[in-house]
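Structure at a glance
This is what each chain is made of:
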Amino acid sequence: MLVFAEHRYFGKSMPFGDNSFEIKNIGYCSTQQALADYAYLITHLKKQYNAEDCPVFAFGGSYGGMLTTFFRIKYPNLIMGGLAASAPFSFLGSGISPFAFTEAASNTYETARPGCGQNIKVALSDIEKYAATPDGRTKISKDFNLCKPISTQNEGIEVLNWAVGGLMGQAMLDYPYPTEYGISISGWPVNNTCDRIHNHKGDTVSALAYGIGTFYNYTGDKTCYNIHTDVPDWGKCCGWDYLACTEVYIPSASNGIFPYAPYDQAADIKACKEQFGVDLDPSLSETLWGGFDSLSQSSHIIFSNGLLDPWHTGGVLKNISDTLIAVVIPESAHHLDLRSPNPKDPSYVTQARIEEDKIISQWISEYFKSH
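All residue numbers refer to position in the chain's written sequence, counted from 1. Two thresholds apply to this predicted model, a pLDDT of at least 70 for residue-level local features and 80 or more for giving and counting side-chain atom pairs, whereas whole-chain, interface and lining totals are computed over all residues. Calculated side-chain values reflect all of the structure's heavy atoms, with hydrogen atoms and water omitted.

1. Side note on the overall build of the protein chain
Note the following rule: The numbering of helices and of strands both runs from the N terminus, where a helix is a DSSP run of H or I of at least 4 residues and a strand a run of E of at least 2. When a residue's accessible area, from a 1.4 Å probe over protein chains only, is under 20% of the maximum for its type it is buried; when over 50% it is exposed; and in between it is partly exposed. It only takes one pair of heavy atoms within 4.5 Å for two residues to be counted as in contact.
Summing up its helical and strand segments, the protein chain has 14 helices and six strands in all. If one aligns the C-alpha atoms of the protein chain with their principal axes, the spans along those axes are about 70 × 50 × 40 Å. Out of the 371 residues belonging to the protein chain, those deemed buried represent 48%. Of the contacts formed within the protein chain by residues at least 6 apart in sequence, a portion of 66% connects residues at least 24 apart.

What follows is the structure, given as structure tokens:
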């Protein structure tokens, strides 16, 4: 039996309907509560189907991979193992640099096409410069084909951040075939973006505006961009934003090909207070879940990471024990191994799935022998 349990405050699982994200209601959006939901659901299903002796194996990607790990640690009596794909554990205190994600994303572009990263860096710098003048803002509006022309410097910076978000997003979702995440994304979007930029006859900004279409408008259906609504599903408020302000805080900063921004804990605390009325405790995630050292106290977890995915920098890349196994996948993006097999999958991904299947089958076999 395969069960896909939706996390509270995501998708259709809104406990207070349209009012779920009001400050008085959002406090029930909790990793700990979500794990308890899953624990209750598993117990209920086992009784319903008279399957108390059947083993349960958990799967999750990204935050879901973190949940899989936490679930195995907290409820080892309910699940006998898990596959945590592209799960970052770069909490404050983990020793992972807050610049790690952008450094890896920058390397993805430069590796895809030599010179691409530098071209993007120049273009982003030029957008920031153009945002400061009326003529520059007119150019930004025209080059990016904005549905509503921008009129202030702050709006120009919003376009810059939207472009950066797209570049980071497609570094993460650099899949070999087109995908849909509320926006249409091409196959191998990083390579396609670099090719578009390289072959474009205009200046740096117009080239980047054309290139980013591989992420925001691959099908060409959009006649203009609304940077506030033309965003991926994960970029919309508010479930993940709240969790990042409470139990799953990951420090971040920016460098490489992206505009430099230092890690600013005070700004994060202020933003969480303003948006949700919560007092961010930067060390809470490490306290609740522990860092890499705490993982060694568990067992029977596969940690898979694709090296195209910038989040791999916060993942488990080496075996911790005989039953805490790292599967590192070259030429793979964010939890690609959990997606359905596709003829365009790189051989590394296919091989990783075979390896994961072998490990899981072995663990299940051992479970039945001991029960």
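2. What about unusual backbone geometry?
Notably, Tyr-9 is not glycine yet its phi reads approximately 70°, a positive angle. For Tyr-9, the location among the structural elements is in the segment before helix H1 (31–48). Its identity is not glycine, yet Asn-145 carries a phi of approximately 50°, on the positive side. Assignment of secondary structure puts Asn-145 in the loop between helix H5 (134–143) and helix H6 (153–172).

3. Examining the pairing of strand S1 (residues 57–61)
Note the threshold: Should DSSP find at least two bridges between two strands, the strands are regarded as paired. We call a crossover right-handed when, viewed with the strands running away from us, the connection from the first strand over the helix to the second turns clockwise.
Across five bridges, the pairing between S1 and strand S2 (residues 81–85) is parallel. Note that in S2 the partner of Gly-61 across the bridge is Ala-85. Handedness of the crossover joining S1 and S2 through helix H2 (residues 63–74): right-handed.

4. A word on the sheet that holds strand S5 (residues 301–306)
The cut-off we apply is this: A fitted line through C-alpha atoms represents every axis, and for helices the fit uses only the stretch in contact; the resulting angles, taken between N-to-C directions, go from 0 to 180 degrees.
Across the sheet, four strands lie side by side as S1-S2-S5-S6; this open sheet has parallel pairing. Each edge of the sheet is formed by a strand with only one pairing partner; in this case those strands are S1 and strand S6 (324–329). Averaged over all pairs of adjacent strands, the angle between their axes in this sheet comes to 15°, without regard to strand direction. Across the sheet, H2 touches S1, S2 and S5, and the angle it forms with S1 is around 150°.

5. Things to note about the state of the cysteines
Note the threshold: Pairs of cysteine sulfur atoms within 2.5 Å are identified as disulfides in what follows.
Using the criterion set out here, one finds three disulfides in the structure. A sulfur-sulfur distance of 2.1 Å marks the disulfide that ties Cys-116 to Cys-194. Judged by the torsion about the S-S bond (-85°), the Cys-116/Cys-194 disulfide is left-handed. Of this pair, Cys-116 sits in helix H4 (residues 116–130) while Cys-194 sits in helix H7 (residues 189–199), and the two are 78 residues apart along the sequence. With relative accessibility at 2%, the residue Cys-194 sits in the buried group.

6. Details of the packing of aromatic side chains
Where we set the bar: Any two of the Phe, Tyr and Trp rings considered here, Trp counted by its six-membered ring, make a pair once their centres fall within 6.5 Å; the pair's planes then place it as stacked at under 30 degrees, edge-to-face at over 60, or tilted in between. Two conditions define a charge located above a ring, namely a distance within 6 Å from the ring centre to NZ of Lys or CZ of Arg, and an angle within 35 degrees of the ring normal.
Taken as a whole and assessed by the stated rule, the structure comprises 22 aromatic pairs. Here the aromatic residues Phe-70, Phe-89, Phe-91, Trp-289, Phe-292 and Phe-303 are joined through ring pairs into a cluster of three or more. The lysine or arginine in question, Lys-129, covers the ring of Tyr-130, its NZ or CZ lying 5.4 Å from the ring centre. For Arg-196, the ring lying beneath its charged end belongs to Tyr-210, and the centroid distance is 4.5 Å.

7. Looking at the pairing of S5
Both faces of the sheet carry side chains from a regular strand, because those side chains alternate between them. Burial within S5 is extensive, with six of its six residues counted as buried. Taking every second residue as pointing to the same face, both faces of S5 are buried, with Ile-301, Phe-303 and Asn-305 on one and Ile-302, Ser-304 and Gly-306 on the other. Bridge analysis of S2 against S5 gives four bridges, and the strand direction is parallel. Residue pairing for S5: Leu-83 is matched across the bridge by Ile-302. Sheet analysis places S5 next to S6, joined by six bridges and oriented parallel. Of the residues in S6, the one forming a bridge with Ile-301 is Leu-324.

8. A short note on the pattern of salt bridges
Where we set the bar: A pairing counts as a salt bridge when a side-chain nitrogen of Lys or Arg comes within 4 Å of a carboxyl oxygen of Asp or Glu.
For the coordinates displayed, the defined rule picks out nine salt bridges. Lys-24 is the partner of Glu-22 in a salt bridge, and the nearest nitrogen-oxygen pair spans 3.9 Å. You can call Glu-22 partly exposed: its relative accessible area is 34%. The exposure class assigned to Lys-24 is exposed, which follows from its relative accessible area of 66%. In this structure, Asp-203 engages Lys-139 in a salt bridge whose closest nitrogen and oxygen atoms are separated by 2.7 Å. With Asp-203 in the loop between H7 and helix H8 (204–211) and Lys-139 in helix H5, this residue pair connects regions lying 64 residues apart in the sequence. Since its relative accessible area comes to 32%, Asp-203 is described here as partly exposed.

9. Side note on a nonpolar patch on the surface
Put simply, the test is: Note on patches: the residues involved have over 30% relative accessible area and no salt bridge, like charges join within 9 Å, and the nonpolar side chains Val, Leu, Ile, Met, Phe, Trp and Tyr join within 5 Å. Residue burial considers only the protein chains on display, and all accessible areas are found by Shrake-Rupley using a 1.4 Å probe.
A contiguous nonpolar patch, built from Met-1, Val-3 and Tyr-49 and spanning about 360 Å² of accessible area, is present on the exposed surface. Examined against the element boundaries, Met-1 turns out to sit in the segment before H1.

10. With respect to the environment of Thr-31
With respect to the helices and strands, Thr-31 occurs in helix H1. Aside from chain neighbours lying at most four places away, what touches Thr-31 is Tyr-63, Leu-67, Phe-70, Leu-243, Glu-247, Val-248 and Trp-289.

11. Topic: the nonpolar core
Condition: What makes a nonpolar core is a set of buried Ala, Val, Leu, Ile, Met, Phe, Trp, Tyr and Cys residues whose side-chain atoms join them at distances within 4.5 Å.
The biggest cluster of nonpolar side chains holds 59 residues, and the ones touching the most others in it are Tyr-109, Ile-120, Leu-124 and Phe-144. Those elements that provide at least two residues to this core are helix H3 (100–112), H4, H6, H7, H8, helix H9 (213–216), S6 and helix H14 (347–370). Examining the composition of this core, we find that nine residues originate from one element, H6, more than from any other. Those residues in contact with Tyr-109 that sit more than four places away from it in its chain are Cys-116, Gly-117, Ile-120, Leu-167, Gln-170, Ala-171, Val-190, Cys-194 and Ile-257. Membership of the second largest hydrophobic core comes to 38 residues, among which are Tyr-63, Val-248, Phe-276 and Leu-295.

Functional significance is not addressed by these values, which are geometric in nature.
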